[in-house]
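# Notes for the structure review
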Amino acid sequence: MNWGPAAWRNSVDERQGLDTLNALIEAARLPPAEGLKRAEIISRESLPENQGKSAYLMTFVSNTFAPSLCHSLEAQARDTSMLNCASAGIALLRYHQDKGALPGSLGELVPQYLEAIPADCMDGQPLRYLFDDGGFTVYSIGPNRKDDGGQAPEIEDRILNPNEFMGQKSRILDSDDITFTVRLRANAGT
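Every value quoted in this text rests on a predicted model; they were computed, and no experiment measured them. (Residues numbered from 1 in each chain as written. Predicted model: local features only at pLDDT ≥ 70, side-chain atom pairs only at ≥ 80, totals over all residues. Heavy atoms only, no water.)

## So, the pairing of strand 2 (residues 135–140)
- In terms of residue burial, strand 2 counts as a mostly covered element, since 6 of its 6 residues are buried.
- Every second residue of strand 2 is oriented toward a common face, with Gly135, Thr137 and Tyr139 on one face and Phe136, Val138 and Ser140 on the other, all of them buried.
- Judged from the 5 bridges that link them, strand 1 (residues 128–132) and strand 2 form a sheet pairing that is antiparallel. Opposite phenylalanine 131, over in strand 2, you have phenylalanine 136 as the bridge partner. (Buried < 20%, exposed > 50% of the residue type's maximum accessible area, 1.4 Å probe, protein only. Helix = DSSP H or I, 4+ residues; strand = E, 2+ residues; numbered from the N terminus. Pairing = 2+ DSSP bridges.)

## Describing the side chain of serine 81
- Looking at where serine 81 falls in the secondary structure, it is placed in helix 4 (residues 56–99).
- The contact partners of serine 81, leaving out residues within four places of it in the chain, are Asp120, Cys121, Met122, Ser140 and Ile178. (Contact = heavy atoms within 4.5 Å.)

## Observations regarding unusual backbone geometry
- Here the residue pair valine 110 and proline 111 is connected by a cis peptide bond, since its omega of 0° sits within 30 degrees of zero.
- Tracing the sequence through the fold places proline 111 in the loop between helix 4 and strand 1.
- Of note, arginine 145 is a non-glycine position whose phi angle comes to about 55°, a positive value.
- Here arginine 145 lies in the loop between strand 2 and helix 5 (162–165).
- On the basis of relative accessible area, arginine 145 is assigned to the partly exposed category, the value being 28%.

## Side note on the packing of aromatic side chains
- A full pass over the atoms with the stated rule returns 2 aromatic pairs.
- An angle of 65° between the planes, with centres 5.6 Å apart, marks the rings of tyrosine 95 and tyrosine 113 as edge-to-face. Here the residue tyrosine 95 occupies a position in helix 4, and tyrosine 113 occupies one in the loop between helix 4 and strand 1, the gap between them amounting to 18 residues.
- Judged by its relative accessible area of 15%, tyrosine 113 is buried.
- Ring geometry for tyrosine 129 against phenylalanine 131: centres 5.2 Å apart, planes inclined by 15°, an arrangement best described as stacked.
- Judged by relative accessible area, which is 14%, tyrosine 129 ranks as buried. (Phe/Tyr/Trp six-rings, centres within 6.5 Å; stacked < 30°, edge-to-face > 60°.)

## Concerning the environment of phenylalanine 180
- Structurally, the position occupied by phenylalanine 180 is in strand 3 (residues 178–183).
- Once the C-alpha coordinates of phenylalanine 180 and isoleucine 90 are considered, the two residues, 90 residues apart in sequence, prove to be 9.6 Å apart.
- Those residues within four positions of phenylalanine 180 in sequence are excluded, and the remaining contacts are Cys85, Ala86, Gly89, Phe136, Thr137 and Val138.

## Points about the nonpolar core
- In this structure, Leu92, Leu106, Leu109, Leu127, Tyr129, Phe136 and Val138 are the most contacted members of the largest nonpolar core, which totals 15 residues.
- Elements that contribute at least two residues to this core include exactly helix 4 and strand 2.
- Not counting residues within four places of it along the chain, the set of residues in contact with leucine 127 comprises Asn84, Cys85, Ala88, Leu106, Ile117, Pro118, Ala119, Asp120, Val138, Tyr139 and Ser140.
- By size, the runner-up hydrophobic cluster in this structure holds 12 residues, among which are Leu24, Ala39, Ile42 and Cys70. (Core = buried A, V, L, I, M, F, W, Y, C linked by side-chain atoms within 4.5 Å.)

## As for the pattern of salt bridges
- In total, this model carries 9 salt bridges according to the counting rule given.
- One salt bridge in this structure joins glutamate 74 and arginine 145, with 3.4 Å as the shortest N-O distance. Highlighted residues: glutamate 74 in helix 4 and arginine 145 in the loop between strand 2 and helix 5, separated in sequence by 71 residues.
- You can call glutamate 74 buried: its relative accessible area is 19%.
- Its salt-bridge partner being aspartate 148, residue lysine 146 comes within 3.2 Å of it at the nearest N-O pair.
- Because the salt bridges share partners, they merge into one network encompassing Asp120, Asp123, Arg128 and Asp147. (Salt bridge = Lys/Arg side-chain N within 4 Å of Asp/Glu carboxyl O.)

What follows is the structure, encoded as structure tokens:
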């Protein structure tokens, strides 16, 4: 088959490829957890083995653009979850400063300290919260979509120098939970 410009413009696969890209762009407009879930479905559906007879363009789109857009949506969900954890953590610190103790749930922060309980953008559920006398952890289930009980990656897995991070992949981005942990000093509430 000739894959010159005329054949490409007139092919059914061109329409399928463009429809796939359009669907991924629409997924990016959804709230992060919904968009990520939808993008993963679209990406899976666009794989050649799920298309039956797949021609050159569809294979090119599925192997190049769909995974890239899906990764972008996952990065957005991860980053928004990190911000949501930090926001809830700051609200917890304000609550602790005002009341001298930590709340029993994130719901107690609403509406005085937060408008609503922030979402975990990885699954659309509210963020998780653990606390004890020594402090608290607010967390997202992270990119592995598994609740590891607020377990963050080991400290040696973290890349602390932003210049070293650019262009490199760190396990902190792919495993365990996304956490915001604060250990309170003794007499911190007085």
